[in-house]
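# Results of the structural survey
Here are the chains, one letter per residue:
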Amino acid sequence: QVRLVESGGGLVQAGGSLRLSCAASGRTFSSYGMGWFRQVPGKEREFVAAISWRGNTYYADSVKGRFTISRDNAKNSVYLQMNSLKPEDTAVYYCAARSSGTYYSPNMYDYWGQGTQVTVSS
């Protein structure tokens with residue numbers, strides 16, 4: 001069992017930065033692939049970024065070059081550094097953990113956090 005708690009969301013102007021954090025409980029955190037997804041009302045949950053247990057990283061085209069995912073296994077944490085934010089980045093951001101499967105599919109993730117709101121004003 002893995003419990004995930006996100007933090008770091010908020011309101012920021014376009015062009016600004018935010019850093020999201022996800023703290024995980026459980027002794028096997030280092031063996032999980034971790035991902036960040038986002039969702040706006042009326043739309044499906046969208047893949048943002050993922051990091052494998054080995055540290056390989058993957059990004060959606062819409063955030064490539066602006067967002068950076070990282071993990072610190074000693075702290076049981078994963079992070080999402082978001083730079084050059086745009087109004088279209090506004091969403092609830094979710095942290096998730098998966099033991100296997102494709103990194104970009106939310107259906108492959110076993111555990112989810114409660115989400116943190118990110119709002120980017122123009």
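Everything here concerns the structure above.
Overview of the structure. Just so it is clear, the structure is predicted and the values come from calculations on it, not from any experiment.

Think of a sheet as strands paired side by side through backbone hydrogen bonds, with each pair either parallel or antiparallel. Strand order in the open sheet formed by four strands is β1-β3-β8-β7, with antiparallel pairing between adjacent strands. Every other strand in the sheet has two partners, leaving β1 (4-7) and β7 (67-72) as the edge strands with one partner each. This sheet shows a mean twist of 15° between the axes of neighbouring strands, independent of strand direction. Two elements, β7 and strand β8 (residues 77-82), share six bridges in a ladder whose sense is antiparallel. In the sheet register, Asp-72 faces β8, and the bridge partner there is Ser-77.

Let us look at the state of the cysteines. Counted by the stated rule, this structure contains one disulfide. The residue that forms a disulfide with Cys-22 is Cys-95, at a sulfur-sulfur distance of 2.1 Å. Here the disulfide of Cys-22 and Cys-95 is left-handed, its torsion about the S-S bond being about -75°. On the criterion of sequence distance, the pair formed by Cys-22 in strand β3 (residues 18-24) and Cys-95 in strand β9 (residues 91-98) is long-range, its members being 73 residues apart. Exposure class is identical for Cys-22 and Cys-95. Each is buried.

Now for the packing of aromatic side chains. Taken as a whole and judged by the stated rule, the model has nine aromatic pairs. Pairing Tyr-32 with Tyr-111 gives two aromatic rings, centres 6.0 Å apart and planes at 75°, and the pair type is edge-to-face. Remark: Tyr-111 occurs in strand β10 (residues 111-112) and Tyr-32 occurs in the loop between β3 and β4 (33-39); sequence separation between them is 79 residues. Relative to Tyr-109, the ring of Phe-37 has its centre 5.0 Å away and its plane inclined at 80°; by these criteria the two rings are edge-to-face. With Phe-37 in strand β4 and Tyr-109 in the loop between β9 and β10, this residue pair connects regions lying 72 residues apart in the sequence. Among the residues examined, Tyr-109 registers a relative accessible area of 6% and is labelled buried. Put simply, the rings of Phe-37, Phe-47, Tyr-58, Tyr-94, Tyr-103, Tyr-104, Tyr-109 and Trp-112 touch in pairs and so form one group of aromatic residues. Over the aromatic face of Tyr-79 sits the side chain of Arg-19, whose NZ or CZ is 4.1 Å from the ring centroid. Against the face of Tyr-94 rests Arg-45, its NZ or CZ located 3.8 Å from the ring centre.

Right, let's talk about the pairing of β1 for a bit. Side-chain direction in a regular strand flips from residue to residue, so the side chains alternate between the two faces of the sheet. Going residue by residue along β1, you find Leu-4 and Glu-6 tucked away on one face and Val-5 and Ser-7 left uncovered on the opposite face. Across four bridges, the pairing between β1 and β3 is antiparallel. Bridge assignment links Glu-6 to a residue of β3, and that residue is Cys-22.

Attention now goes to the nonpolar core. One finds Leu-4, Met-34, Trp-36, Leu-80, Met-82 and Tyr-93 to be the most contacted residues of the largest nonpolar core, which totals 34 residues. Looking at this core, the elements with two or more residues in it are β3, β4, β5 (46-51), β7, β8, β9 and β11 (116-121). Beyond its immediate stretch of four places on either side in the chain, Tyr-93 contacts Glu-6, Leu-20, Trp-36, Phe-37, Arg-38, Val-48, Phe-67, Leu-80, Met-82, Gly-115, Thr-116 and Val-118.

Analysis parameters
Residues numbered from 1 in each chain as written. Predicted model: local features only at pLDDT ≥ 70, side-chain atom pairs only at ≥ 80, totals over all residues. Heavy atoms only, no water. Pairing = 2+ DSSP bridges. Helix = DSSP H or I, 4+ residues; strand = E, 2+ residues; numbered from the N terminus. Axes fitted to C-alpha atoms, helices over the stretch in contact; angles between N-to-C directions. Disulfide = S-S within 2.5 Å. Buried < 20%, exposed > 50% of the residue type's maximum accessible area, 1.4 Å probe, protein only. Phe/Tyr/Trp six-rings, centres within 6.5 Å; stacked < 30°, edge-to-face > 60°. Lys NZ or Arg CZ within 6 Å of the ring centre and 35° of its normal. Core = buried A, V, L, I, M, F, W, Y, C linked by side-chain atoms within 4.5 Å. Contact = heavy atoms within 4.5 Å.

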